[in-house]
Amino acid sequence: MDDHADAAWERQLDDLFLRIGHRFGRADLRRRGRDYIRGLLAPVGRKNGWQLAEFAGHRTPDGLQRLLNRANWDADDVRDDLQSYVAGHLGEASGVLVVDDTGFVKKGITSAGVQRQYSGTAGRTENCQIGVFAAYASTRGRALVDRELYLPKSWTDDRDRCQAAKVPDERGFATKGQLAKRLVLRALASELPIAWVTADAAYGQEGRFRRLLEQSGLGYVLAVPKSQQVFGPRIDHLFAQAPSEAWEAISCGEGAKGPRLYHWAALELPTVTEFDYQGPAPFRQRWALARRSLSKPEEIAYFLAYTPPGTVVQEMVRVAGMRWQIEECFQAAKNECGLDQYEVRRYVGWYRHITLAMLAHAYLAVMTADAAAKGGAETVPARWFHSPWQRSAGSWRFASSQAAAPAGRFTATC
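Residues numbered from 1 in each chain as written. Predicted model: local features only at pLDDT ≥ 70, side-chain atom pairs only at ≥ 80, totals over all residues. Heavy atoms only, no water.

Counting its regular elements, the protein contains 15 helices and twelve strands. Expressed as a percentage of the 414 residues in the protein, the buried residues total 52%. Taking the intrachain contacts of the protein between residues at least 6 apart in sequence as the baseline, contacts between residues at least 24 apart amount to 66%. (Helix = DSSP H or I, 4+ residues; strand = E, 2+ residues; numbered from the N terminus. Buried < 20%, exposed > 50% of the residue type's maximum accessible area, 1.4 Å probe, protein only. Contact = heavy atoms within 4.5 Å.)

So, in structure tokens, the structure goes:
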């Protein structure tokens, strides 16, 4: 990195510290907060207390541990500043909020929320904590913007155990779906410009979660299981009726090896008079989507979508593909910013470390976006061509992208 670029990164980092500095109150806490974030951004082997303290020039990690566990500051206030920061640098009117959870493998039984539970990160049941996260993604970049720690009933039913881990008395049991709803509502109250929400089937299958998004005026493309009922029939039974010409190869974004191409089919669903109309005309449309592997056609994923009128299928495919952005955020935040390398056991310590690691990751995302905008990055956001797919309003029909004609259309049997 040349001197000019190095100065730009330092200047941006100083601007970030000025944005959040007042949240820490005292000068010594501000210095420790700055040291902690600098350590998370530094090429430190493992970003635990001792190594971060050593990087900062502290004799012991006590000061940084106090910052996480006992100092007087509110991680939620810093989270609000983080959302404002991301909105200002990465925000776009077509922005997508992505919801997912990730696991943090831990030893012992004292860390808040830890128990043997399934972790998608590990791909198996592990002794771990689970965090539910929201990421913001646009053509400018992506960053984690909110978090909630999942507390299993084994914790919330044991108030002595909660008290020992400093879990607030008012924190009761909430499903991951309920935590996701909290993230969405906070994002809507923030400065983040959000047009869409996407998530995997664990969240998409929950009718209450979908209804919240509909009531909030958000579009969505949510994965659902193959057993999901759609106005009666299972979604996989509906797409089993699709003729071969109903499937079109469309990229849902750039992957490590180029465009992520799949076969896609889309089925326009009936509108719901109670929810989808403002006056005589519908203001939202409902869709079912299927994504089929090109090399393994037996592998099919299913989605429900809720869109503004006139939304082309290519746009829904783009939103569905944005779900992978949060996976890339998790990987980058863990590998580069120590998201999973904390040594805190208390509830408040988890939120503080995670929030500061998210802030460090957002800083990297913003700097990468700035470099890309100036032509200094090797990769640029993928371009999306205008979809040739045609729709037939008010009917259950698949539509082929082959503009010649009615050949790709058929009516599904309900």
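With 14 residues, helix α14 (residues 324-337) should cover 20 Å at 1.5 Å per step; its first-to-last C-alpha distance of 19 Å lies within 8% of that length. Considered for burial, the residues of α14 that qualify are Gln325, Ile326, Cys329, Phe330, Ala332, Ala333, Lys334 and Cys337. Contacts from the buried residues of α14 go to α2 (27-41), β1 (96-105), β3 (124-137), β4 (142-150) and α15 (347-373). At the C-terminal side of α14, glycine 338 shows a positive phi close to 65 degrees. (Expected span 1.5 Å × (residues − 1).)

Note on helix geometry: an α-helix contains 3.6 residues per turn, so any two residues three or four positions apart are oriented the same way. Under the 1.5 Å per step criterion, the end-to-end length of α15 is 39 Å for 27 residues, consistent within 8% with the ideal 39 Å. In terms of residue burial, α15 counts as a mostly covered element, since 21 of its 27 residues are buried.

So, on to empty space enclosed by the protein. Tallying each qualifying case throughout the model produces two cavities of 30 Å³ or more. There is about 60 Å³ of room inside the largest cavity. Lining the largest cavity are 13 residues, and of these Tyr36, Asn48, Gly49, Gln65 and Leu68 sit closest to its centre. Contributing elements (two or more residues each) for the lining of the largest cavity: α3 (49-56) and α4 (62-69). No other element matches the three residues that α4 contributes to the lining of the largest cavity. When grouped by side-chain class, the residues that make up the lining of the largest cavity number six nonpolar, five polar and two charged. (1 Å grid on protein atoms, 1.4 Å probe; cavity = no way out; pocket = protein on both sides within 12 Å on 5 of 7 lines; lining within 4 Å. Points joined across faces, edges and corners; volume = space filled by probe spheres on them. Nonpolar A, V, L, I, M, F, W, Y, C, P; charged D, E, K, R; others polar.)

Here we come to the packing of aromatic side chains. In total, this model carries 15 aromatic pairs according to the counting rule given. Between phenylalanine 133 and phenylalanine 330, the aromatic rings sit 5.4 Å apart at their centres with planes inclined by 80 degrees, giving edge-to-face as the arrangement. A residue pair is termed long-range when its members are at least 10 positions apart, and phenylalanine 133 in strand β3 and phenylalanine 330 in helix α14 qualify at 197 residues. Each of the two residues, phenylalanine 133 as well as phenylalanine 330, counts as buried. Summarising the aromatic geometry, the rings of tyrosine 220 and tyrosine 306 are spaced 5.5 Å apart at their centres and angled 20 degrees between planes, so their arrangement reads as stacked. Residue tyrosine 220 is located in strand β6 (residues 219-224), and its partner tyrosine 306 is located in strand β12 (residues 300-307); the two are separated by 86 residues in the primary sequence. The exposure class assigned to tyrosine 220 is buried, which follows from its relative accessible area of 2%. (Phe/Tyr/Trp six-rings, centres within 6.5 Å; stacked < 30°, edge-to-face > 60°.)

In this section: the packing of helix α8 (residues 176-189) against helix α10 (residues 207-215). One can describe the packing of α8 onto α10 by two numbers: an axis separation of 10 Å at closest approach and a directional angle of 10 degrees. By the criterion of interaxial angle, the relationship of α8 to α10 is roughly parallel. Of the residues in α10, those touching α8 at Gly177, Ala180, Lys181, Val184 and Leu185 are Arg208, Phe209, Leu212 and Leu213. Among the residues forming the contact of α8 with α10, the class breakdown is six nonpolar, one polar and two charged. (Axes fitted to C-alpha atoms, helices over the stretch in contact; angles between N-to-C directions. Parallel < 35°, antiparallel > 145°, perpendicular 65-115°, else oblique.)

Counted by the stated rule, this structure contains 21 salt bridges. The shortest N-O distance in the salt bridge between arginine 79 and aspartate 80 comes to 3.0 Å. Residue classification places aspartate 80 among the partly exposed positions, given a relative accessible area of 35%. Notably, a salt bridge pairs arginine 142 with glutamate 328, separated by 3.0 Å at the nearest N-O pair. Of this pair, arginine 142 sits in strand β4 while glutamate 328 sits in helix α14; the two residues are 186 residues apart in sequence, bridging distant segments of the chain. Given the relative accessible area of 33%, arginine 142 is considered partly exposed. Exposure remark for glutamate 328: the relative accessible area of 30% places this residue in the partly exposed category. One network of salt bridges, with partners in common, ties together Asp76, Arg79, Asp80, Asp146, Arg147, Glu148, Arg171 and Arg186. (Salt bridge = Lys/Arg side-chain N within 4 Å of Asp/Glu carboxyl O.)

Within β3, twelve of the 14 residues are buried, which leaves the element mostly enclosed by the surrounding structure. The pairing of β1 with β3 spans ten bridges and is antiparallel. By the bridge assignment for β3, valine 98 is matched with alanine 135. With five bridges joining them, strand β2 (residues 115-119) and β3 adopt antiparallel strand pairing. Counterpart to arginine 116 in the pairing with β3 is asparagine 127. Hairpin connection between β2 and β3: a loop of four residues separates the two successive antiparallel strands, and glycine 123 in this loop has a positive phi of roughly 75 degrees. Counting the residues that bridge the hairpin from β3 to β4 gives four residues. (Pairing = 2+ DSSP bridges.)

What follows is about the nonpolar core. Core analysis: the largest hydrophobic core is formed by 122 residues, its most contacted members being Val86, Phe133, Leu144, Val221 and Leu356. Sorting elements by how many residues they give to this core places α15 first, with 16 residues. Residue contacts for valine 86: discarding those within four places in its chain leaves Gly91, Tyr136, Ala143, Val145, Leu192 and Ala362. (Core = buried A, V, L, I, M, F, W, Y, C linked by side-chain atoms within 4.5 Å.)

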